[in-house]
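One letter stands for each residue in the lines below.
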Amino acid sequence: MNTPKPDRDALLQASALGKPAAYVDQYDPGLLFPIPRAAQRAQIGITGQPGFFGADLWTAYELSWLNLRGKPQVAIAQIMMPCESTHIVESKSFKLYLNSFSGTRIASADELRRRIQADLGAVAWQGGPVQSSVGVRLLAPDEFDRQPVHELDGLNLDRLDIECDRYQPAPELLTAAFDEQPVEETLASRLLKSNCPVTGQPDWGSVQIRYAGPQIEQGGLLRYIVSFRQHSDFHEHCVERMFMDIWRRCKPAKLSVYARYTRRGGLDINPWRTSHPGSVPPNLRTARQ
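Remember, it's a predicted structure, so these values are computed and weren't measured experimentally.

Quick notes on the rules
- The numbers attached to residues start from 1 for each chain and follow its sequence in the written order.
- Given that this is a predicted model, residues contribute local features only at a pLDDT of at least 70 and side-chain atom pairs are listed and counted only at 80 or more, while totals for whole chains, interfaces and linings are drawn from all residues.
- Computation of side-chain values: all heavy atoms of the structure, hydrogens and water removed.
- Whether a residue is buried, partly exposed or exposed follows from its accessible area with a 1.4 Å probe, protein chains only, as a fraction of its type maximum: under 20%, in between, or over 50%, in that order.
- Helix and strand definitions here come from DSSP, where helices need a minimum of 4 consecutive H or I residues and strands a minimum of 2 consecutive E residues; each element is numbered from the N-terminal end.
- Two strands are said to pair when DSSP picks up at least two bridges between them.
- Fitted lines through C-alpha atoms serve as axes, helices being fitted only where they are in contact, and the angles separating the N-to-C directions of these axes extend from 0 to 180 degrees.
- The scheme is simple: roughly parallel for angles under 35 degrees, roughly antiparallel for over 145, roughly perpendicular for 65 to 115, oblique for anything else.
- In this scheme the crossing of two helices becomes right-handed for a clockwise turn of the near helix relative to the far one and left-handed for an anticlockwise turn of less than a right angle.
- Here, two residues are considered to be in contact whenever any of their heavy atoms come within 4.5 Å of each other.
- Residues are grouped as follows: Ala, Val, Leu, Ile, Met, Phe, Trp, Tyr, Cys and Pro are nonpolar; Asp, Glu, Lys and Arg are charged; all remaining types, including Gly, are polar.
- Note on charges: Lys and Arg go in the positive column, Asp and Glu in the negative column, and His and the chain ends are not counted at all.
- Any carboxyl oxygen of Asp or Glu that lies within 4 Å of a side-chain nitrogen of Lys or Arg is treated as forming a salt bridge with it.
- Polar contact is the term for a pair of N or O atoms within 3.5 Å; when the atoms are in protein, one must be able to donate a hydrogen and the other to accept it, and sequence-neighboring residues count only if both atoms are side-chain atoms.
- Pairing of aromatic side chains requires ring centres within 6.5 Å, counting the rings of Phe and Tyr and the six-membered ring of Trp. Pairs whose planes differ by under 30 degrees are stacked, by over 60 edge-to-face, and all others tilted.
- A positively charged side chain is recorded as over a ring if its NZ (Lys) or CZ (Arg) lies within 6 Å of the ring centre. The angle to the ring normal must also be within 35 degrees.

Note on strand geometry: in a regular strand, side chains alternate between the two faces of the sheet. Counting buried positions over the 8 residues of strand E12 (residues 267-274) gives 8, a clear majority of the element. Side chains Leu267, Ile269, Pro271 and Arg273 of E12 all project onto a buried face; the interleaved residues Asp268, Asn270, Trp272 and Thr274 project onto the opposite face, where all are buried too. Across 8 bridges, strand E2 (residues 53-66) lies against E12 in antiparallel orientation. For threonine 59, the partnering residue across the bridge sits in E12 and is aspartate 268. As judged from the 3 bridges shared by strand E11 (residues 254-261) and E12, these two strands associate in the antiparallel manner. Counted as the bridge partner of serine 256 is threonine 274 from E12.

With their axes 12 Å apart at the nearest point, helix H3 (residues 91-99) and helix H4 (residues 109-124) run at an angle of 150° to one another. In this view, H3 runs roughly antiparallel relative to H4, as classed from their interaxial angle. At the point where H3 passes H4, the crossing takes the right-handed sense. Note on element contacts: H4 touches H3 through Arg115, Ile116, Asp119 and Leu120, opposite Phe94, Tyr97 and Leu98. Partitioned by chemical class, the residues of the contact of H3 with H4 number 5 nonpolar, no polar and 2 charged.

Our next topic: the side chain of glutamate 185. Tracing the backbone through its elements, the reader meets glutamate 185 in strand E8 (residues 183-195). For the buried glutamate 185, no salt bridge exists, and the shortest N-O distance to an oppositely charged side chain is 7.9 Å, to arginine 159. Separated by 2.4 Å, the side chains of glutamate 185 and tyrosine 211 make a polar contact. When neighbours within four sequence positions are excluded, glutamate 185 is seen to be in contact with Ile209, Arg210, Tyr211, Gln215, Ile216 and Gln218.

What follows concerns the pattern of salt bridges. Two side chains bearing opposite charge may form a pair once their charged atoms approach each other closely. Applying the stated criterion across every chain, the model contains 12 salt bridges. Across the salt bridge formed by arginine 37 and aspartate 56, the nearest N and O atoms sit 2.9 Å from each other. Taken together, the residues span a long stretch of sequence, with arginine 37 in the loop between strand E1 (34-36) and helix H2 (38-43) and aspartate 56 in strand E2 at a distance of 19 residues. Just as arginine 37 is buried, aspartate 56 falls in that class too. Of the charged contacts, one joins glutamate 172 and arginine 166 as a salt bridge, the two residues approaching to 2.3 Å between their closest N and O atoms. Taking relative accessible area as the criterion, glutamate 172 reaches 40% and is therefore assigned partly exposed. The exposure class of arginine 166 is partly exposed, given its relative accessible area of 35%.

Glancing now at the packing of aromatic side chains. Tallied over the entire structure, the rule returns 8 aromatic pairs. Geometrically, the ring pair formed by phenylalanine 52 and phenylalanine 243 is edge-to-face, given 5.5 Å between the ring centres and 70° between the ring planes. Here phenylalanine 52, found in the loop between H2 and E2, pairs with phenylalanine 243, found in helix H6 (residues 235-250); they are 191 residues apart in sequence, far enough to count as distant. We note that phenylalanine 52, like phenylalanine 243, is buried. Taken together, Tyr27, Trp58, Phe94, Tyr97 and Phe101 form an aromatic cluster joined through their ring pairs. The ring of tryptophan 204 has lysine 193 lying over it, and the distance from NZ or CZ to the ring centre is 5.7 Å. Directly above the ring of tyrosine 61 sits arginine 263, whose terminal nitrogen or CZ lies 3.6 Å from the centroid.

Here it is in C-alpha cells:
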C-alpha cells in the first residue's frame, strides 16, 4: 500500500534528524529510529517483495566503549543490513545509539558486537520475525592500517564531455541498443550527488553499474546519474530508484547498482542492489570516504 507523503514527512519529523540532540553516554537501544522501506518503494512502483536482492553496507568510524575497568576502547564497525528487511535505520539515530556506548562498561568487543547485531536486527525487522540476520564486524585498532582504499572498478563515465541540464531524476535519459548484440560491462562514476530529505545537506557518492544485456548509451547514463543532483532522498532509496529505472528502461538480463557515499557524522552508507543473488561486494572505502 502506498503511504501518502505527508505521513512520511510526519515520520521523519519524529526522528532526531535535523534537530539538536543530547548525546547520552549510557547504552540506550531506544535511540534507534526505524523508517519503513515500503513507502519509498511504492513511489517507484514496488509493492510487496522487491524484484532485487542486496544489502546496505555501513561503516561506523566513531565507536568507543569502556572495558570493565573503565578504560576506553575503540573500534571501527562494519554493518551489513539486508535489503529485504522491512525498515532502514535513520542515520543520526544510529550515531546517537553508537555514542550511548561511550560511557558504558562492556566485558568484551564480542559482547558489544552481539548487542549491536541484536539491536539492529530488532529495528530492521520491526513488526515481524527476523528473516535474515544483520551482519556486524568490529575492526580492532591493530587492523586499522590494513584497511585498503580502492575506487570502484569500471569504465569511467566521467571521461565523457557532455552537457547536463537535468537535476531531478530523469529516467527518460536512459536508452540502450536493443537492435545490437548484447554486452557485459561495468561502468562507474564519481558524479553522484543527492540530498538529505530532512536537512537538505548534500550526500556525495560514487556509483558502479554492472550489467549484461543491450548496451546502455553511456552519455545518457551519465546524464541520468547527474540528474539526482537536486533530488532529496535517503541513500538506500536513491540506489533502488536507479536500479528500477535502468531495469525498466534498458531491460538488461542482469544488473547490479552499487553506490558508496562519503561519510557524515562518522558513518558512511553504501547500498548495493542486484537482480541475481551473489556475493556482497567487499566493504572497501574509496579515497573520498
